Amino acid sequence: GENGKLVGRANALGDLRRYLDHALSARRQVIFVVGEPGIGKTSVADAFQRLSTAADCAVTRGQSVEGFGGKEPYYPLLEAVGQLARGTRRTLVVDTLATYAPTWLIQFPSLMRPEQYAALQREILGATRERMVRELCEALEVITQTVPLVLILEDLHWVDPSTLDVISAIARRREPARLLVLGTLRPAELILSDSPLKALKQDLLVHRLSHEVVLERLQEADVAAYVAAGFAPGELPAGFAELIYRHSDGNPLFMTAMIDHLAQRRVLVPADVHGSG
């Protein structure tokens, strides 16, 4: 749910916390958070972002977009790097890109003076996709010498092949780096769209170069805990949590939508509005 109450995700967040600790000790991590629509992948990513920020990491996010997937190379990475280059670490990021990844800096004309841009264009003439992959890997590694870096890439079932090359390279490179890449994806879409990510993910998992965090549907006890947290004791009809659980099938999005709907129709009055009228 968007209300910051994460239910039934203690195990997933515990695993992610452990992977973050590995990354903080310079063991690079590639993590796939997997689950069906509405299961709470974004909520888990948000919680992980808060966790990483609290651990003094630089965190940035990018999103693959449906139908856009194959068209724009590096789409989610450009979004994430752009965000990073305009954030509080701006100087570090821009200087590092200038030195190690000019093919990436050139993608952000607004970050440069016109004459710098022209010089850069001459320098990277005829740059290849392989070069872009290598340069980004190197730049990210250099940044992590100053600050641990968490890269969250959402909806990877729609990812473009160039971004996949980068994820693969990050996972396979041996240099120590305080770097963690977390990608969210829907497994069914991966199969339906025949995405090349499917093969890459299998390969990385088999070679222990990545980890998978699978978000399962909520248990009835999780739903009961969520309901109990939102309402005063004794104000809900008996069997209410069970009813919500049965109708939402343990999908958090359906669960919160049902409860919000009932609250809006004043069938239910959430605990935090008591005494405010």
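The structure we're discussing is the one just above.
This is a predicted model, so every value here is computed, not measured.

Thoughts on the packing of aromatic side chains
Working step 1: Following the criterion strictly, the structure yields two aromatic pairs and no others.
Working step 2: Between Y74 and W104, the ring centres sit 5.0 Å apart and the planes meet at 70°, which makes this aromatic pair edge-to-face. With Y74 in the loop between strand 2 (58-63) and helix 3 (75-85) and W104 in helix 5 (residues 102-105), the pair connects residues that are 30 residues apart, well separated along the chain.
Working step 3: W104 gets classed as buried once you look at its relative accessible area, which sits at 0%.
Working step 4: When the ring of F231 is compared with that of F240, the centres are 6.5 Å apart and the planes differ by 70°; the resulting orientation is edge-to-face. When sorted by exposure, F231 lands in the same class as F240, which is buried.
Working step 5: Positioned over the ring face of Y19 is R18, at 5.5 Å from the centre of the ring.

Things to note about the nonpolar core
Working step 1: Judged by nonpolar contacts, the single largest core of 51 residues is most densely connected at F32, W104 and L197.
Working step 2: Looking at which element gives the most residues to this core, the answer is helix 7 (residues 129-146), with seven residues.
Working step 3: Ignoring anything within four residues of it in the chain, the contact list for W104 reads Y74, L77, L78, V81, L97, M132, E135 and L136.
Working step 4: Counting residues in each nonpolar core, the second largest holds 19 residues, with L20, V150, L180 and L215 among its members.

Notes on the sheet that holds strand 4 (residues 179-185)
Working step 1: As summarised here, the arrangement of the five strands in space is 2-3-4-1-5, forming an open sheet in which the pairing is parallel. The two strands at the open ends of the sheet, each matched to only one other strand, are strand 2 and strand 5 (211-214). The mean angle between the axes of side-by-side strands here comes to 20°, regardless of whether they run parallel or antiparallel.
Working step 2: Relative to strand 3 (residues 149-154), strand 2 is paired through six bridges, and the arrangement is parallel. Looking at the pairing, T60 lines up with L151 of strand 3.
Working step 3: The strands touched by helix 1 (residues 10-24) within the sheet are strand 1 (29-34), strand 3, strand 4 and strand 5, with strand 1 carrying the most contacts at an inclination of about 165°.

Side note on unusual backbone geometry
Working step 1: Phi is positive for A26, close to 70°, though the residue is something other than glycine.
Working step 2: Here A26 is to be found in the loop between helix 1 and strand 1.
Working step 3: Under the relative-accessibility criterion, A26 is labelled partly exposed at 27%.
Working step 4: Here the phi dihedral of D249 falls at roughly 60°; this positive angle occurs in a residue that is not glycine.
Working step 5: For D249, the position within the fold is in the loop between helix 12 (240-248) and helix 13 (252-264).

Calculation rules
Residues numbered from 1 in each chain as written. Predicted model: local features only at pLDDT ≥ 70, side-chain atom pairs only at ≥ 80, totals over all residues. Heavy atoms only, no water. Phe/Tyr/Trp six-rings, centres within 6.5 Å; stacked < 30°, edge-to-face > 60°. Helix = DSSP H or I, 4+ residues; strand = E, 2+ residues; numbered from the N terminus. Buried < 20%, exposed > 50% of the residue type's maximum accessible area, 1.4 Å probe, protein only. Lys NZ or Arg CZ within 6 Å of the ring centre and 35° of its normal. Core = buried A, V, L, I, M, F, W, Y, C linked by side-chain atoms within 4.5 Å. Contact = heavy atoms within 4.5 Å. Pairing = 2+ DSSP bridges. Axes fitted to C-alpha atoms, helices over the stretch in contact; angles between N-to-C directions.

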